[in-house]
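Architecture and fold: a report
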Amino acid sequence: MNHYRLRGTTVVSFSGGRTSAYMLFMVLLHNTAEDIARYLLIIFANTGKEHPITLEFVRECAERWNVPIIWLEFRDDDTGFSVVDYATASRQGEPFEALIRKRKYLPNPVTRFCTIDLKIRIIHKYLRSLGLSTEDAPVDMMTGIRADEPRRVAKIRHRKSTSESKWATMVMPLADAGVGVQEVTDFWAGQPFDLMLPNINGRTLEGNCDLCFLKGAKQVYSIIASDRPKAEWWARMESSVVSGGKSTGNGDRFRSDRPSYQQMLDYSDTQFDMFADHEEAIACFCGD
Ligand code: SF4
């Protein structure tokens, strides 16, 4: 069975990671040029805090595989998004910062509005601007979740559709085809190019937003220890919002159960081990 077959207008939500790039390759391999031209849209949503190497990888996939990849960014205006490209993409966290300014509080592990507003929502807005993701023009939304990520698979299968995603059907061809991390790793071992970020047991710890609060604490701290300037943006965001925000946490911290980014920065000159236990990263839509 061809799990990658395009059944109609299909959006490949490309995270800029190895897994979603593998999925894109398989889609290109298993469909005719005619169907690809007719049905396929590949979208990468840039938060502005992606690793520069991720941006290079997205560009390289488009060039080497000769397919257009649409780059979107959040904007706090009537349109809600902007189409950019490799040259014009934000690299200083500007879309993310604009969202925080709009919301006036910070996302946290429970209220992950960043992944929703910076990625999912702008993709739907863009699609609607093309007359897609509507009752008359529903779409399939392909996301690169693997068979060895059962919790993420179950979450997406059971997710209720919102008014935004009502006319988009989530499709997970990798999960359906039984593809796990080993297949993805083997695939990239045989390619003439790769995402040039370390691959640790099939996971790209430095992928997505550089110091995402869903990453394990030790991982965040070790990135700060090796590259202090990365933390400055996160510390600035924490100091930029007024405390007493909404939901969990105080709204002025990305994690209320951890030291602030400024504290981690302050400690990063020392050998002090702030996090004794290994803490797993929390998976989200932003994915690999
Ligand atoms: S990678 Fe983390 S910080 Fe960035 S949008 Fe996703 S959940 Fe938010």
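Remember, predicted model here, so these are calculated numbers, not experimental data.

**Comments concerning the packing of helix α1 (residues 18–29) against helix α3 (residues 52–65)**
Running from amino to carboxyl end, α1 crosses α3 at an angle of 15 degrees, the nearest separation of the two axes being 11 Å. On the basis of the axis angle, α1 is roughly parallel to α3. The crossing of α1 and α3 is right-handed. Facing Arg 18, Ala 21, Leu 24, Phe 25 and Leu 28 of α1, the residues of α3 in contact are Phe 57, Cys 61 and Trp 65.

**Description of the site of the ligand**
Surrounding the ligand, one finds eleven residues, the nearest of these being Phe 96, Cys 114, Cys 209, Cys 212 and Cys 286. Spatially, the ligand is embedded in the second largest cavity.

**Brief notes about the packing of α1 against helix α8 (residues 181–189)**
At a minimum axis distance of 10 Å, the contact between α1 and α8 shows a crossing angle of 75 degrees. In this view, α1 runs roughly perpendicular relative to α8, as classed from their interaxial angle. On α8, the residues that touch Arg 18, Thr 19, Ala 21, Tyr 22 and Phe 25 of α1 are Glu 183, Val 184, Phe 187 and Trp 188. Its residues assigned to classes, the contact of α1 with α8 shows six nonpolar, one polar and two charged.

**Re the pattern of salt bridges**
One pass over the full model with this rule turns up 16 salt bridges. Residues Glu 60 and Arg 64 are paired through a salt bridge, measuring 2.8 Å at the closest nitrogen-oxygen approach. Here the residue Glu 60 and the residue Arg 64 both occupy positions in helix α3, the gap between them amounting to four residues, near one helical turn. Judged by relative accessible area, which is 43%, Arg 64 ranks as partly exposed.

**Examining unusual backbone geometry**
Not every positive phi belongs to a glycine, and Lys 104 is a case in point at roughly 70 degrees. Taking relative accessible area as the criterion, Lys 104 reaches 60% and is therefore assigned exposed. Its identity is not glycine, yet Ser 133 carries a phi of approximately 55 degrees, on the positive side. Note that Ser 133 resides in the loop between α5 (113–129) and β5 (139–143).

**Describing the packing of aromatic side chains**
For the coordinates displayed, the defined rule picks out 20 aromatic pairs. Plain terms: the ring middles of Phe 25 and Phe 187 are 4.9 Å apart, the flat faces sit at 55 degrees to each other, and that makes the pair tilted. Of the two residues, Phe 25 is situated in helix α1 and Phe 187 in helix α8; the sequence distance between them amounts to 162 residues. In this structure Phe 25 comes out as partly exposed when scored by relative accessible area, which is 21%. Seen from their ring centres, Trp 234 and Tyr 261 are 5.5 Å apart, and the 25 degrees between their planes marks the pair as stacked. Separated by 27 residues along the polypeptide, Trp 234 in helix α10 (residues 229–240) and Tyr 261 in helix α11 (residues 261–267) bring together distant segments of the chain. On the basis of relative accessible area, Tyr 261 is assigned to the buried category, the value being 2%. It is Arg 59 that lies over the ring of Tyr 86; its NZ or CZ is 3.9 Å from the centre.

About the criteria used
Residues numbered from 1 in each chain as written. Predicted model: local features only at pLDDT ≥ 70, side-chain atom pairs only at ≥ 80, totals over all residues. Heavy atoms only, no water. Axes fitted to C-alpha atoms, helices over the stretch in contact; angles between N-to-C directions. Helix = DSSP H or I, 4+ residues; strand = E, 2+ residues; numbered from the N terminus. Parallel < 35°, antiparallel > 145°, perpendicular 65-115°, else oblique. Left-handed = near helix turned anticlockwise from the far one by under 90°. Contact = heavy atoms within 4.5 Å. Near = heavy atom within 4 Å. 1 Å grid on protein atoms, 1.4 Å probe; cavity = no way out; pocket = protein on both sides within 12 Å on 5 of 7 lines; lining within 4 Å. Sits in = over half its atoms within 2 Å of the grid points. Nonpolar A, V, L, I, M, F, W, Y, C, P; charged D, E, K, R; others polar. Salt bridge = Lys/Arg side-chain N within 4 Å of Asp/Glu carboxyl O. Buried < 20%, exposed > 50% of the residue type's maximum accessible area, 1.4 Å probe, protein only. Phe/Tyr/Trp six-rings, centres within 6.5 Å; stacked < 30°, edge-to-face > 60°. Lys NZ or Arg CZ within 6 Å of the ring centre and 35° of its normal.

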